[in-house]
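Summary of structural features
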Amino acid sequence: MEIINLPISGLNNTECLGKYKIHTKIKSRINSFEANLDFIAVPKITNLPTIQVDTKTWPVPVGIRLADPSFNIPDEIQMIIGAELFFDLIKERIRLGNTMPTLIDTHFGWVISGLTTGNTKEQQRRTCQLHVSNEELNHTLTKFWELETYQDAPCLTTAERSVEAHFESTFTRDESGRYKVRLPFNKKKGQLGDSLATAKHRFDKLLRTFSNDEKRIRYTEFMNEYLTLGHMVEVKDNTIDCYFLPHHAVYKESSSTTKIRVVFDASAKTTTGFSLNDALEIGPTVQSDLKSIIMRFCCHQTVLTADIPKMYRQVQIYEDDRKFQRIFWLNTENRPTTFELTTVTYGCSSAPYLATRVLTQLATDEAAEFPLASRIVKQDSYVDDFLTGGNSPAEVIEIYKQLSEMLRRGGFGVHKFCSNSELVRKNIPIELQESQMNFEDADINSAIKTLGLIWNPTEDYFTYHVKTFALQNSTTVTKRMVLSDIGRLFDPLGFLGPIITLAKILMQDLWRLKLNWD
């Protein structure tokens, strides 16, 4: 048995994880045929048939030895043999009739396959339950229940090990300390088609949606900052071997700094049906899991939170990879022009890996001089957020100093510092502190959001605040709305266990009523 952790995709892009590969020998129970095969172990394949099939009227010849004598009775499928052996198993076929299935002789015995008569609608209805899914609902339900399941420590797949090796052999660091990386392409890179027409169409549509002058101003300011900081440059050549990214805005009024973020769509399909994200490897997770970070945070006497501004954009992309990050935007004469994004770009599937991998590389490179900061980056960071602390204000002040200097050497900034210690806060410049905090007021308005939770540093406790969409925005509450509201209960440490249990019981009750989603 070999541990592989191989993602397996099926109909409608459903996925499961095959954790083990087993090499074994299979033998026929009716003759001497045998074969050595590799199997991937999964918790369950499926049950077939979906309903019992009546075979009394089938003219099956006497003496036929079936591979599965009870093939017509619903039961669990225990093994799937792939195409590498399937066609070598088949010998001959016998058609039972025009409206009957076909008998197929194989090395394992005779099998029966094909159309059957009977309650066809019932068969189709039950069969479709195996294959048709609502991707959004499946994701919500999975997210809702998976917190109850223990997750094994991740093992790198072959593809992830390849991405790691690619990063280590290609990243560089310039004289200022800033890192430069290459995009981790896979074999689909050569299958990218033309993306210009789609990007141009969506850009024209974007301009037409700027009916709100304020939103147009914000969008323009964001893109002008990109240009001013050198995070994008204008290009003149019209090379065919490139990729254009459509883009749109995400507005977040609750943010204390960035009210708007422009998101680049690297999942937009080209003329061949492949997108840039299809041609990029995602890469492994290189940071600690969320639950571990929060649990360690709760154990510190004195704590500190912070985040890195524009984290992705502090990592450079090699010049010859930038042609895959082209966009349309307006030049100084307000004309549509081609630009290239020069940094790791939000919206590319490889971006989280590249940015966090550079961060951990910085921690490794600077560990000798900044041991505290190196440990914090490797253990207490989640994407661009830090939740850390120490045994005393003095230790946390030293963490603040080391973290700030080490990140600066890698081209990163750090701000939005907050602590439960007044002494720590006094040692941090006011402009680098969380601007939304009001330490004179201990209510929820003085709390800050960090890693999906609300933390009140004045009293040093977590609090929860959930807006019920279903009851506020509609007079008719549907099962879909209830699931959406329940899905908002984010509770990685289980503080809300009794409440979430009641919510799950409610969802089960709705399920028993056999209501449709809307």
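Residues numbered from 1 in each chain as written. Predicted model: local features only at pLDDT ≥ 70, side-chain atom pairs only at ≥ 80, totals over all residues. Heavy atoms only, no water.

1. Structural notes on empty space enclosed by the protein
What the rule picks out here adds up to 1 cavity of 30 Å³ or more. What the largest cavity holds in volume is close to 50 Å³. As for the largest cavity, its lining consists of Ala199, Arg202, Phe203, Leu206, Leu245, Pro246, His247, Ile327 and Phe328. Of all the secondary structure elements, the ones that give two or more residues to the lining of the largest cavity are α5 (196-208) and β16 (326-330). It is α5 that provides the largest number of residues to the lining of the largest cavity, a total of 4 residues. When grouped by side-chain class, the residues that make up the lining of the largest cavity number 7 nonpolar, 1 polar and 1 charged. (1 Å grid on protein atoms, 1.4 Å probe; cavity = no way out; pocket = protein on both sides within 12 Å on 5 of 7 lines; lining within 4 Å. Points joined across faces, edges and corners; volume = space filled by probe spheres on them. Helix = DSSP H or I, 4+ residues; strand = E, 2+ residues; numbered from the N terminus. Nonpolar A, V, L, I, M, F, W, Y, C, P; charged D, E, K, R; others polar.)

2. A word on the packing of helix α8 (residues 351-365) against helix α9 (residues 371-379)
Following both chains from N to C, one finds α8 and α9 inclined at 155°, their axes separated by 9 Å at the closest point. Of the possible angle classes, the one that applies to α8 and α9 is roughly antiparallel. Crossing angle aside, the handedness with which α8 passes α9 is left-handed. Residues Leu359, Thr360, Ala363 and Thr364 of α8 touch α9, and the partners they reach there are Ser374, Val377 and Lys378. When the residues that make up the contact of α8 with α9 are grouped by side-chain class, the tally is 3 nonpolar, 3 polar and 1 charged. (Axes fitted to C-alpha atoms, helices over the stretch in contact; angles between N-to-C directions. Parallel < 35°, antiparallel > 145°, perpendicular 65-115°, else oblique. Left-handed = near helix turned anticlockwise from the far one by under 90°. Contact = heavy atoms within 4.5 Å.)

3. With respect to the packing of aromatic side chains
Tallying each qualifying case throughout the model produces 18 aromatic pairs. Judged by centre distance (5.7 Å) and plane angle (90°), the ring pair of Phe33 and Phe108 falls under edge-to-face. With Phe33 in the loop between β2 (15-27) and β3 (34-41) and Phe108 in the loop between β7 (102-106) and β8 (109-113), this pair connects stretches of sequence that are 75 residues apart. Grouping residues by exposure puts Phe33 and Phe108 together as buried. Plain terms: the ring middles of Phe203 and Trp329 are 6.1 Å apart, the flat faces sit at 70° to each other, and that makes the pair edge-to-face. On the criterion of sequence distance, the pair formed by Phe203 in helix α5 and Trp329 in strand β16 is long-range, its members being 126 residues apart. The class of Trp329 is buried, set by a relative accessible area of 3%. Chaining the aromatic ring pairs together yields one cluster made of Phe203, Tyr219, Phe244, Phe328 and Trp329. Here the basic side chain of Arg182 rests over the ring of Tyr318, its NZ or CZ set 4.1 Å away from the ring centre. (Phe/Tyr/Trp six-rings, centres within 6.5 Å; stacked < 30°, edge-to-face > 60°. Buried < 20%, exposed > 50% of the residue type's maximum accessible area, 1.4 Å probe, protein only. Lys NZ or Arg CZ within 6 Å of the ring centre and 35° of its normal.)

4. Notes on the nonpolar core
By size, the foremost hydrophobic cluster in this structure holds 71 residues, and its most contacted members are Tyr219, Leu276, Ile327, Leu407 and Phe412. Broken down by element, the residue count for this core peaks at 8 residues, all from α8. Residues within four places of Leu276 in sequence aside, it is in contact with Phe185, Leu192, Tyr243, Leu245, Ala266, Phe324 and Cys348. Leu290, Phe297, Val303 and Ile448 belong to the second-largest nonpolar core, a separate cluster that totals 12 residues. (Core = buried A, V, L, I, M, F, W, Y, C linked by side-chain atoms within 4.5 Å.)

5. Looking at the sheet that holds strand β17 (residues 336-341)
Read from one edge to the other, the open sheet built from 3 strands follows the order β11-β17-β16, with strand pairing classed as antiparallel. Only two strands of the sheet have a single partner each, and these edge strands are β11 (232-234) and β16. Neighbour to neighbour, the strand axes of the sheet diverge by 45° on average, direction disregarded. For β16 and β17, the ladder comprises 5 bridges, and the chain directions are antiparallel. Bridging from a neighbouring strand, Leu330 pairs with Pro336 of β17. Each of β16 and β17 is contacted by α5, which is oriented at about 30° to β16, the strand it contacts most. Running at roughly 125° to β16, helix α6 (residues 213-228) makes contact with β11, β16 and β17 of the sheet. (Pairing = 2+ DSSP bridges.)

6. Description of the packing of α9 against helix α10 (residues 393-409)
With their axes 8 Å apart at the nearest point, α9 and α10 run at an angle of 80° to one another. Viewed along their axes, α9 and α10 adopt a mutual orientation that is roughly perpendicular. Taken together, the residues of α10 that come into contact with α9 (itself represented by Pro371, Leu372, Ala373, Ser374, Arg375, Ile376 and Val377) are Glu395, Glu398, Ile399, Gln402, Leu403 and Met406. Across the contact of α9 with α10, the residue classes break down as 8 nonpolar, 2 polar and 3 charged.

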